[in-house]
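A closer look at the structure
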Amino acid sequence: MNVNANTADDVVRLLSVGVYIPEGRMTSADIAQASGIPREIVETKLGIKEKPVPGPDDHPCAMGARAARQALERAGIDPAEIDLVIYIGEEHKEYPVWTAALKLQHDIGAINAWGFDLASRCCTTLMAVKTAKAMMRGDARISTVLLAGGYRNGDLIDVTDPYTRFMINLGAGGGAMILRRGSDAGTAYPEVLETAIITDGSFAEDVIIAAGGTKQPLTAELIAQGEPRFRVPDPESMKSRLDAVSMDRFAEVVERSVRDSGYSLDQVDFIGLLHMKRSAHEAVLRALGIPDRRSVYLDEFGHIGQFDPMICIELGMKQGLIHPGSVVVLAAAGIGYAWGALTLKWGEVQ
């Protein structure tokens, strides 16, 4: 049963999503040439045919604003109706120390909103939905929330570093979601059900950008060496510890989210997973007992961080995998390490 069942005024619904994908592309051949990894491995093992790369004006907050405008247009609402803006993009953005939510709020005209930034790497969207839902239910003044941001952490990958090549799939783009509480949203919109999250701080320093922080201030010498970049200080230790728990935790958050929402795994009509290597994607589906035909694989997008869930919804709708009445699960994991899953119940046609 739904552990947090409430009245119609407490129901939170997803009014719309917005996605911005830059026009630039890096193909599997380009990745192979840059990294030295054979093209066949890039496509079959890493699962990348191509990925979007940012143009000169594709900055993270700006991409988030573009996605937000699309979400607003799709929802048919005025920006002035938004009560809260949560920026869900990455910390790598236009400026090193900056509250991007306020810029995004200003740029889209959300004049009646207030905002803040929230970050948990590639789990940010799911955590933000959980946070927004709790805030909406706890504060009657918050009824419409925009989650939006942009991602271009691909800037921070050294393609020649063999220990960070698992992140060579990082692309660029922006995403947005608009949530609304109360009966005014209408039952045709998807209901936001339960989110399950697991975090494990024992992995907190396994994937880091050391250069530029207080422990290792950025110097001209470090810049000349190609820093700052993502690095893995102890790759063998990280891999052995992560392999031992990651699949079980993926399964656990999905099972908890679905169960707490009042459903079982065999009732899931569609699952949207973040981009990962193809074998891992297939292993997660097997562990959950969800057929491959009820999912999509993002081999033409790569991994656009916390915005993979929005892309999965877009593809699921376009391919007819999500329809009125569908039970939909979105699942992700982020370095640090965090695992999360969100269940949505698609609305019925009115």
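Parameters at a glance
- All chains use their own residue numbering, which begins from 1 and follows the written sequence.
- Local features in a predicted model are, by the rule used here, given only for residues with pLDDT of at least 70; side-chain atom pairs are given and counted only at 80 or more, and totals for whole chains, interfaces and linings are based on all residues.
- For side-chain calculations, the full set of non-hydrogen atoms in the structure is used, while hydrogens and water are omitted.
- By the criteria applied, helices consist of DSSP H or I runs no shorter than four residues and strands consist of E runs no shorter than two, each listed in order from the N terminus.
- C-alpha atoms define the radius of gyration in this analysis, and the globule rule sets the expected value at 2.2 Å times the number of residues to the power 0.38.
- Each residue gets one of three labels from its accessible area relative to the maximum for its type: buried under 20%, exposed over 50%, partly exposed in between, using a 1.4 Å probe on protein chains only.
- Contacts are assigned to residue pairs that have any heavy atoms within 4.5 Å of one another.
- In this tally, Lys and Arg are treated as positive and Asp and Glu as negative; His is ignored, and so are the chain termini.
- To locate a charge, the coordinates of NZ of Lys, CZ of Arg, CG of Asp or CD of Glu are taken.
- We call a pair of cysteine sulfur atoms a disulfide whenever their separation is within 2.5 Å.
- Take a side-chain nitrogen of Lys or Arg and a carboxyl oxygen of Asp or Glu: if they are within 4 Å of each other, that pair is a salt bridge.
- To define axes, lines are fitted to C-alpha atoms, for helices over the stretch in contact only, and angles between the resulting N-to-C directions are given on a 0 to 180 degree scale.
- In this scheme, roughly parallel covers angles under 35 degrees and roughly antiparallel covers those over 145, while 65 to 115 is roughly perpendicular and the rest are oblique.
- Left-handed describes a crossing whose near helix is turned anticlockwise from the far helix through less than a right angle; right-handed describes the clockwise counterpart.
- To estimate the expected span of a helix, subtract one from its residue number and multiply by 1.5 Å.
- Here, strands pair whenever DSSP counts at least two bridges between them.
- Here the term charged refers only to Asp, Glu, Lys and Arg, the term nonpolar to Ala, Val, Leu, Ile, Met, Phe, Trp, Tyr, Cys and Pro, and the term polar to all other amino acids, Gly among them.
- Two rings from Phe, Tyr or Trp (for Trp, the six-membered ring) form a pair when their centres are within 6.5 Å of each other. A pair whose planes differ by under 30 degrees is stacked, one over 60 is edge-to-face, and the rest are tilted.

In terms of helices and strands, the protein chain carries 9 helices and 11 strands. In summary, the protein chain has a C-alpha radius of gyration of 20 Å against a globular reference of 20 Å for 350 residues, a match within 12%. The buried share of the protein chain, taken over its 350 residues, is 53%. Restricting to contacts in the protein chain with at least 6 residues of sequence separation, those with at least 24 account for 77%. Charge centroids of the protein chain, computed over 35 positive and 46 negative side chains, lie 1 Å from each other.

Any covalent bond linking the sulfur atoms of two cysteines counts as a disulfide. Overall, the coordinates contain 0 disulfides when judged by the stated rule. There is no disulfide at Cys122, and the cysteine sulfur nearest it, in Cys123, is 8.1 Å away. The closest cysteine sulfur to the non-disulfide-bonded Cys312 is located on Cys122, 13 Å from its own sulfur. Its relative accessible area of 0% is what places Cys312 among the buried residues.

Here the focus is the pattern of salt bridges. Counting across every chain of the model gives 23 salt bridges. With a closest N to O distance of 2.8 Å, Glu81 and Arg180 form a salt bridge. Here Arg180 lies in strand β7 (residues 173–181) and Glu81 lies in the loop between α3 (60–75) and β4 (84–87), a separation of 99 residues in the sequence. Owing to a relative accessible area of 33%, Glu81 belongs among the partly exposed residues under this scheme. Residues Glu91 and Arg121 are paired through a salt bridge, measuring 3.5 Å at the closest nitrogen-oxygen approach. On the criterion of sequence distance, the pair formed by Glu91 in the loop between β4 and α4 (100–108) and Arg121 in the loop between β5 (114–117) and α5 (124–138) is long-range, its members being 30 residues apart. The exposure class assigned to Arg121 is buried, which follows from its relative accessible area of 18%. Connected via shared salt-bridge partners are Asp158, Asp161, Glu227 and Arg231.

Take the packing of α3 against α4 next. Across the interface, α3 lies against α4 with an axial gap of 10 Å and an inter-helix angle of 45°. Of the possible angle classes, the one that applies to α3 and α4 is oblique. You can see that α3 and α4 cross each other, and the crossing is right-handed. Of the residues in α4, those in contact with Cys61, Gly64, Ala65, Ala68, Arg69 and Leu72 of α3 are Ala100, Lys103, Leu104, Asp107 and Ile108.

Between the first and last C-alpha of α3 there are 23 Å, a value that for 16 residues agrees with the 22 Å anticipated at 1.5 Å per step. If you check which residues of α3 are buried, you get Pro60, Cys61, Met63, Gly64, Ala65, Ala67, Ala68, Ala71, Leu72 and Ala75. Contacts made by the buried residues of α3 are with β1 (12–20), β4, α4, β6 (144–151) and β7. A positive backbone phi angle near 70° is found at Gly76, which sits one or two residues after α3.

The element β7 is largely enclosed, with a buried count of 9 among its 9 residues. Burial along β7 is two-sided: the face carrying Gly173, Gly175, Met177, Leu179 and Arg181 and the face carrying Gly174, Ala176, Ile178 and Arg180 are both buried. Inspection of the sheet shows β1 paired to β7 by 8 bridges, in the antiparallel sense. The residue of β7 that forms the bridge with Gly18 is Ala176.

This brings us to the packing of helix α7 (residues 235–260) against helix α8 (residues 278–288). Each pair of packed helices can be described by the angle between their axes along with the distance between the axes. Where α7 meets α8, the closest approach of the two axes is 10 Å, and the angle between their N-to-C directions is 50°. The angle between the axes of α7 and α8 places the two elements in the oblique class. In terms of crossing hand, the pair formed by α7 and α8 is right-handed. On the side of α7, the interface is formed by Met247, Phe250, Ala251, Val254 and Glu255, while α8 contributes Ala280, Ala283, Val284, Ala287 and Leu288. Classifying every residue of the contact of α7 with α8 gives 9 nonpolar, no polar and 1 charged.

A separate point is the packing of aromatic side chains. Here the structure, examined in full by the defined rule, presents 5 aromatic pairs. Measuring from centroid to centroid gives 5.8 Å for Phe203 and Tyr337, while their planes differ by 70°, and the two rings are edge-to-face. With Phe203 in the loop between β8 (191–199) and α6 (220–224) and Tyr337 in the loop between β10 (327–334) and β11 (338–345), the pair connects residues that are 134 residues apart, well separated along the chain. As far as the burial class goes, Phe203 and Tyr337 line up, both buried. Geometrically, the ring pair formed by Tyr337 and Trp339 is tilted, given 5.3 Å between the ring centres and 35° between the ring planes.

Treat this as a map of the structure, not an account of what it does.
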